[in-house]
Amino acid sequence: MRIHDLKPWRLIRRCTDFPPESAVAMGIRLVLLDLDNTLEPPGARVPSPETIAWVRALEAAGCRCVLLSNARRDRARSYADALGIPAVLDAGKPGLRGVRRALDLAAATPDETLLFGDQVFTD
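Since this is a predicted model, take the numbers as computed values, not measurements.

Calculation rules
Residues numbered from 1 in each chain as written. Predicted model: local features only at pLDDT ≥ 70, side-chain atom pairs only at ≥ 80, totals over all residues. Heavy atoms only, no water. Buried < 20%, exposed > 50% of the residue type's maximum accessible area, 1.4 Å probe, protein only. Helix = DSSP H or I, 4+ residues; strand = E, 2+ residues; numbered from the N terminus. Pairing = 2+ DSSP bridges. Right-handed = clockwise from strand over helix to strand, strands pointing away. Arc of directions from axis to C-beta. Contact = heavy atoms within 4.5 Å. Phe/Tyr/Trp six-rings, centres within 6.5 Å; stacked < 30°, edge-to-face > 60°.

**Looking at the pairing of strand 1 (residues 30–33)**
So, step 1. The two faces of strand 1 match: Leu30 and Leu32 on one face and Val31 and Leu33 on the other face are all buried.
So, step 2. Pairing between strand 1 and strand 2 (residues 64–68): four bridges, direction parallel. When the bridges of strand 2 are listed, Leu32 appears paired with Val66.
So, step 3. Where the polypeptide runs from strand 1 across helix 2 (residues 49–60) and back to strand 2, its parallel neighbour, the crossover connection is right-handed.
So, step 4. Bridge count for strand 1 against strand 4 (residues 113–116) is four bridges, and the pairing is parallel. Looking at strand 4, one finds that Val31 is bridged to Leu114.

Quick look at the structure:
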């Protein structure tokens, strides 16, 4: 996997607008989630009820979710713990170090992974 192999696929208003069954239909097993401006506004320490419901629906559909964040470690860890998902902190985005760590953590391949982020050049 190389950085230029990653391509934006779809633009949506909020990640919670993406139906979990669409991920399953695509063969997705791992969903990587950026925190700031993707799941929540900057500075959020706890997930919104909407985010919790969406992540639970992804998990129920058979997708593993991992927080992939460059945000401050303590805040990102607190958020991931509140959501009940693992986190790859200090992800080094837009580089691939954190993505590779998340793939290893979930034993997933790039072809079965979906990444949600708010910035093409940083996520």
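Back to the write-up after that little detour.
**Remarks on helix 3 (residues 73–83)**
So, step 1. Those residues of helix 3 not exposed but buried are Arg75, Ala76, Tyr79, Ala80 and Leu83. Down the axis of helix 3, the buried set is contained in an arc of 130°. They therefore lie on one face.
So, step 2. Looking at the buried side of helix 3, the elements it contacts are helix 2, strand 2 and strand 3 (87–88).

**Side note on the sheet that holds strand 4**
So, step 1. Overall, parallel pairing links the four strands, which are arranged 3-2-1-4 in an open sheet. A single partner strand is all that each edge strand has here, and the edge strands are strand 3 and strand 4.
So, step 2. Pairing analysis gives two bridges linking strand 2 to strand 3, with the strands arranged parallel. Each bridged residue has a counterpart across the sheet, and for Leu67 the counterpart in strand 3 is Ala87.

**Things to note about helix 4 (residues 97–106)**
So, step 1. Regarding helix 4, the residues found buried are Gly98, Val99, Ala102, Leu103 and Ala106. The buried side chains of helix 4 occupy one side of the element, clustering within an arc of 140° when seen end-on.
So, step 2. Of the surrounding secondary structure, the elements contacted by the buried residues of helix 4 are strand 1, strand 2, strand 3 and strand 4.
So, step 3. Where helix 4 ends, the next residue or the one after it, Ala107, has phi of about 50°, a positive value.

**Considerations on the packing of aromatic side chains**
Remark: the centre distance and the inter-plane angle together describe each pair of aromatic rings, the angle taken between the planes.
So, step 1. Counting across every chain of the model gives two aromatic pairs.
So, step 2. Pairing Phe18 with Phe116 gives two aromatic rings, centres 5.5 Å apart and planes at 65°, and the pair type is edge-to-face. Taken as a pair, Phe18 in the segment before helix 1 (20–25) and Phe116 in strand 4 lie far apart in primary sequence, 98 residues in all. Each of the two residues, Phe18 as well as Phe116, counts as buried.
So, step 3. Centre to centre, the rings of Trp54 and Phe116 are 5.3 Å apart; their planes meet at 85°, and the pair counts as edge-to-face. You can see Trp54 sitting in helix 2 and its partner Phe116 sitting in strand 4, a full 62 residues away along the chain. Here Trp54 matches Phe116 in class, with each residue buried.
So, step 4. A connected cluster of aromatic rings, assembled from ring pairs, spans Phe18, Trp54 and Phe116.

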